[in-house]
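# Geometric and topological summary
This is what each chain is made of:
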Amino acid sequence: MSGTYALVLILIVSVVLCSGCAMTGDTAKTTPTPTQTSVVIVASEPATPPPAATALPVTVTPAPANATVTPVPALPSTAMLETGAKKQAYPYAIRGMPQFLYFNTYDGVRDYLRDRYPDRPTDFYNVSTLEDYYQHYVSDPVQKKYLDALVENIRERSELPPERARIAVSLIQHIPYAPTTQTLYPYEVLYYDMGKCEDKSILMAYVLSKMGYGTALFLYYPEHHMALGLKCPKQYSIAGSGYCFVETTSPSIMTYSNGTYAGVGKLTSKPEIIKLSDGDSFDQIAEEYTDAQSYDAVINSAVWNDSGMFLDTFNYGQFGYLREKYGLFDLDLVKIP
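Bear in mind the structure is a predicted one, so any value in this text is a computation, not a measurement.

Rules of the game
Residues numbered from 1 in each chain as written. Predicted model: local features only at pLDDT ≥ 70, side-chain atom pairs only at ≥ 80, totals over all residues. Heavy atoms only, no water. 1 Å grid on protein atoms, 1.4 Å probe; cavity = no way out; pocket = protein on both sides within 12 Å on 5 of 7 lines; lining within 4 Å. Points joined across faces, edges and corners; volume = space filled by probe spheres on them. Helix = DSSP H or I, 4+ residues; strand = E, 2+ residues; numbered from the N terminus. Expected span 1.5 Å × (residues − 1). Buried < 20%, exposed > 50% of the residue type's maximum accessible area, 1.4 Å probe, protein only. Arc of directions from axis to C-beta. Salt bridge = Lys/Arg side-chain N within 4 Å of Asp/Glu carboxyl O. Axes fitted to C-alpha atoms, helices over the stretch in contact; angles between N-to-C directions. Left-handed = near helix turned anticlockwise from the far one by under 90°. Contact = heavy atoms within 4.5 Å.

### Section: empty space enclosed by the protein
Take a probe with the size of a water molecule and roll it over the atoms, and the empty space left behind shows itself. Tallied over the full model, the rule gives one cavity of 30 Å³ or more. Taken as a whole, the largest cavity encloses approximately 160 Å³ of empty space. Surrounding the largest cavity, 14 residues form its lining, Ala93, Ile94, Arg166, Glu288 and Tyr326 being those nearest its centre. Mapped by element, the contributors of at least two residues to the lining of the largest cavity are β6 (85-94), α5 (161-174), α8 (286-301) and α9 (313-326).

### Thoughts on α8
For α8, spanning 16 residues, the distance from its first C-alpha to its last is 23 Å, which sits close to the expected 22 Å at 1.5 Å a residue. Considered for burial, the residues of α8 that qualify are Glu288, Asp291, Ala292, Tyr295, Asp296, Val298 and Ile299. The buried residues of α8 occupy an angular sector of 155 degrees when the element is viewed end-on, so they sit on one face.

### Brief notes about the pattern of salt bridges
On inspection of all chains with the given rule, the structure shows 17 salt bridges. For Arg155, the salt bridge is made with Glu152, and the minimal N-O distance between the two is 3.6 Å. With Arg155 and Glu152 both in helix α4 (residues 141-155), this residue pair falls three residues apart, about one helical turn. You can call Glu152 partly exposed: its relative accessible area is 39%. Ionic pairing is found between Glu287 and Lys325, a salt bridge with its closest N-O pair at 2.9 Å. Here Lys325 lies in helix α9 and Glu287 lies in helix α8, a separation of 38 residues in the sequence.

### Topic: the packing of α4 against helix α7 (residues 197-210)
Here α4 crosses α7 at 65 degrees, and the two axes come no closer than 10 Å. Regarding α4 and α7, the two cross each other, and that crossing is right-handed. Contacts from Lys144, Leu147, Asp148, Leu150, Val151, Ile154 and Arg155 of α4 reach α7 at Leu203, Tyr206, Val207 and Lys210.

### Looking at unusual backbone geometry
Phi is positive for Arg95, which is not a glycine, with a value near 55 degrees. You can see Arg95 is positioned in the loop between β6 and β7 (97-106). One non-glycine residue, Asp193, adopts positive backbone phi at about 55 degrees. Note that Asp193 resides in the loop between α6 (186-192) and α7. Owing to a relative accessible area of 25%, Asp193 belongs among the partly exposed residues under this scheme.

Just geometry here; none of it tells us what the structure is for.
Take a look at the structure:
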């Protein structure tokens, strides 16, 4: 190998472990196990299941004689919800600048949500059933107050709506991937600071919808993977759907959907599109689309051998630029022949 090539070992941002992470409810192994593909080594993290559910108080609404009375869960008071405050730092990157957003989470809100998991629909090929199922996770009235506080915190980071959306995407992508035994509510992803592809996609859909954008979920059945669909101009969207692909499990460039997934390979199936919210189109996504094309060209230029992946000087520099701009995972220089 000539001196114009650099040997690098990288954790490619769009290459993530998400086999079985959506819909399956797999229980994680107790010992992290490295999984190697031709592109990436990813360690599965132990599942951290939510604590056991506790019963909530209920109120009974008076009803006419002979009428059936249905107990309605009472909403806890603010004093009950805001117990066990925990200040957490969430990293993100915007235009090459790494930042942190600090946000309080509460044991009380977690305790309220962990008893509210809906039953899974048995027919995953009935989109209307799936829409109802996932709408449950974004419509809870208690978590809304606290998630909206997060959205407001992000809004304060920039006066430009597109930059706010980019901050939100990066922040949620940087939340660590981990398999979970149940679908988490968006607030729980923040509380536990982790989530699988399904959990993080629902959180991102909620946040971007509150910023005024149209959102959907991309469900890839054969690959057991889920990503976000962000409303965008059709020329940048998946199969002309009007929704752009956004990976949620790890830092990635919006519209880049050509990654290799450990245990799965590339996403080759047509996604089921589960609409969650109406809203505006993210018309500024041409910038990300161009960068995603450049990133794909860099990866396709690589030369592989038993030692790893080699990039020439130009593509090595291009990869470094994109890594810094989007806060992608670190590149480690091993040697220059």
